[in-house]
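A closer look at the structure
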Amino acid sequence: DKLMCENLLQPQNINIAKAFSSIIQTTLGPRSMLKMIIDSHGNIVVTSDGNWILREIETNHPVGKSLVELSKTQDQEVGDGTTTIVILACEFLKVVEILLSKKYHPLQIVGSFFQIIKDAIMFLEKKIGYKLK
């Protein structure tokens, strides 16, 4: 029963991430689109600021909350890239969806992501990076 429950929740979680991504993805780039939003006070706001949009979304879903928190953390730590980091996370979940449909185990997927990060760091250090004196 637990495995069946997990298999039903995974697509739902990924779909929530896709919905968040589709909301803010159009706020990026030279052809970004403005969004008209009614804030929590009933005011109409027109913005293309993905971070602001994410802060205004009221969600009780754990994935939605995680994406909003990811955006807040990015803003606090770096001050920029809040929309990009959320879209990147959602794109990773789209890849996960494909791998799950091919019957890869979630632990294999996570292990592969860690290996990719390790390989990318090694590549950057050896091929692109250089030491400062």
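None of these values were measured; they are calculated from a predicted model. (Residues numbered from 1 in each chain as written. Predicted model: local features only at pLDDT ≥ 70, side-chain atom pairs only at ≥ 80, totals over all residues. Heavy atoms only, no water.)

1. Some remarks on the layout of surface pockets
To keep things clear, this is the line we draw: Buriedness for pockets is judged along seven lines, at least five of which must meet protein on both sides within 12 Å for an open set on the 1 Å grid over protein atoms alone, while cavities are sets there where a 1.4 Å probe fits but cannot get out, and lining residues have an atom within 4 Å of a point. Grid points are joined across faces, edges and corners, and a volume is the space filled by probe spheres set on the points. Labels follow the DSSP assignment, with helices taken as runs of H or I lasting at least four residues and strands as runs of E lasting at least two, numbered in each case from the N terminus.
Space inside the largest pocket adds up to approximately 370 Å³. For the lining of the largest pocket, the element with the highest residue contribution is helix H5 (residues 106–128), accounting for 7 residues.

2. A word on the packing of helix H3 (residues 62–77) against helix H4 (residues 82–101)
Stated precisely, the cut-off is as follows: Orientation is described by axes fitted as lines to C-alpha atoms, over the contacting stretch for helices, and by angles from 0 to 180 degrees between their N-to-C directions. Reported orientations rely on four angle classes, namely roughly parallel under 35 degrees, roughly antiparallel over 145, roughly perpendicular from 65 to 115, and oblique for the rest. Handedness of a crossing is defined here by the sense of rotation of the near helix relative to the far one, left-handed for an anticlockwise turn of less than a right angle and right-handed for a clockwise turn. Contacts: residue pairs with any heavy atoms within 4.5 Å of one another.
Running from N to C, H3 and H4 point in directions that differ by 140 degrees, and their axes come no closer than 8 Å. One element, H3, and the other, H4, form an angle in the oblique class. Judged by the twist between their axes, the crossing of H3 over H4 is right-handed. Contact with H3, carried on its side by Leu67, Leu70, Ser71, Gln74 and Asp75, involves Thr82, Ile85, Val86, Ala89 and Cys90 of H4 and no other residues of that element.

3. As for the environment of lysine 127
Inclusion rule: Buried means the residue's accessible area, taken with a 1.4 Å probe over protein chains only, is under 20% of the maximum for its type, while exposed means over 50%, and partly exposed covers the values in between.
Its location among the elements puts lysine 127 in helix H5. Here lysine 127 falls in the exposed class, since its relative accessible area comes to 63%. Sequence separation of lysine 127 and valine 95 is 32 residues, and the distance between their C-alpha atoms is 26 Å.

4. Topic: the nonpolar core
Inclusion rule: In this text, buried Ala, Val, Leu, Ile, Met, Phe, Trp, Tyr and Cys residues form a nonpolar core when linked through side-chain atoms within 4.5 Å.
Among the nonpolar cores identified, the biggest contains 13 residues, and Ile24, Leu67 and Val86 are the most heavily contacted of them. Contributions of two or more residues to this core are made by helix H1 (2–25), helix H2 (50–56), H3 and H4. If we ignore the near neighbours within four places in the chain, the residues touching isoleucine 24 are Gly50, Ile53, Leu54, Thr83, Val86 and Ile87.

5. Quick notes on the side chain of asparagine 51
How we decide: Pairs of N or O atoms are called polar contacts if they sit within 3.5 Å, as long as, within protein, a hydrogen donor faces a hydrogen acceptor (for residues adjacent in sequence, only side-chain-to-side-chain pairs).
Tracing the sequence through the fold places asparagine 51 in helix H2. The class for asparagine 51 is buried, based on a relative accessible area of 6%. Separated by 3.5 Å, the side chains of asparagine 51 and aspartate 75 make a polar contact. Not counting residues within four places of it along the chain, the set of residues in contact with asparagine 51 comprises Ser71, Asp75, Thr82 and Thr83.

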